[in-house]
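Descriptive analysis of the structure
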Amino acid sequence: HENEEIGVKNLIDLLPSDTKKAYDFVFEYAFLAGCAFVIFHELGHQIQKKEELAKYFDIPIHCSTDTTADHLKSENNADLISMKIIHKMFGKDEAINWLAYSGILLCLLTLAINNPNPTMGKDHPSIQDRYRQAKNFVIHTYGKNAEKEIFMRTDAVAKLLTCVTNWAEDDWWETVQ
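Residues numbered from 1 in each chain as written. Predicted model: local features only at pLDDT ≥ 70, side-chain atom pairs only at ≥ 80, totals over all residues. Heavy atoms only, no water.

**Notes on helix α4 (residues 68-90)**
With 23 residues, α4 ought to run about 33 Å at 1.5 Å a step, and its terminal C-alpha atoms sit 33 Å apart, in line with that. Within α4, the full set of buried residues consists of S74, E75, N77, A78, D79, I81, S82, M83, I85, I86 and F90. (Helix = DSSP H or I, 4+ residues; strand = E, 2+ residues; numbered from the N terminus. Expected span 1.5 Å × (residues − 1). Buried < 20%, exposed > 50% of the residue type's maximum accessible area, 1.4 Å probe, protein only.)

**Remarks on the packing of α4 against helix α6 (residues 127-142)**
Between α4 and α6, the least distance of the axes is 11 Å, while the angle of their chain directions is 30 degrees. Crossing geometry of α4 relative to α6 is assigned as right-handed. On the side of α4, the interface is formed by N76, D79, L80, M83, K84 and H87, while α6 contributes R130, Q133, A134, F137 and T141. Looking at the contact of α4 with α6, its residues break down into 4 nonpolar, 4 polar and 3 charged. (Axes fitted to C-alpha atoms, helices over the stretch in contact; angles between N-to-C directions. Left-handed = near helix turned anticlockwise from the far one by under 90°. Contact = heavy atoms within 4.5 Å. Nonpolar A, V, L, I, M, F, W, Y, C, P; charged D, E, K, R; others polar.)

**Observations concerning the nonpolar core**
Of all hydrophobic cores here, the largest spans 36 residues; its most connected members are I86, I150 and W172. At the level of elements, α2 (17-47), α4, α5 (94-111), α6 and α7 (146-161) are the ones that each hand at least two residues to this core. Counting residues per element, this core draws most heavily on α5, at 9 residues. (Core = buried A, V, L, I, M, F, W, Y, C linked by side-chain atoms within 4.5 Å.)

**Section: the environment of T165**
Within the secondary structure, T165 is located in the segment after α7. In this structure the C-alpha to C-alpha distance between T165 and N114, which are 51 residues apart in sequence, comes to 7.0 Å. Within the local environment of T165, its side chain forms a polar contact with the backbone oxygen of L161, the two atoms lying 3.1 Å apart. (Polar contact = N/O pair within 3.5 Å; in protein donor to acceptor, adjacent residues only side chain to side chain.)

**Digging into the environment of Q48**
The topology assignment puts Q48 in the loop between α2 and α3 (51-56). Sequence separation between Q48 and D58 is 10 residues, and the spatial gap between their C-alpha atoms is 9.5 Å. Engagement of the side chain of Q48 in a polar contact is seen with the side chain of N77, the distance being 3.3 Å.

Have a look at this one:
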């Protein structure tokens, strides 16, 4: 842009009214779901330690141990708890349904930005494995329209991210089944 001091918010304000309304709608719900995913993931670690709550979320009670396998299982459970909470929060209204699910996937894509190899995990499951779990959750809860209403949008964002990342595999999210 000619004026380097203009911020993103100012550029959005320059959009035509209808475009700005659409952008605000999409950003608000996808952003909320992405933030909710992170927050509820962290809460998920506590939820899975409480027997009554773990049962409610259909997650086996998990007491921390020092083994890597237990830690990875705890991380996967925390993601799943988070997605279940988001589904209960956002999954009722058709208009924002796909935005909430997109927010989960966009959050995971964002976590991968500074990770040169999203297919590898160390102290957490790989971003690719977490993305796979989220994508399967979306397919199971959202249904057959997930491909055209959610994944084509998140795939477009992922392709744009390849311009600013150093991923070892530029299409790691596409190989997720």
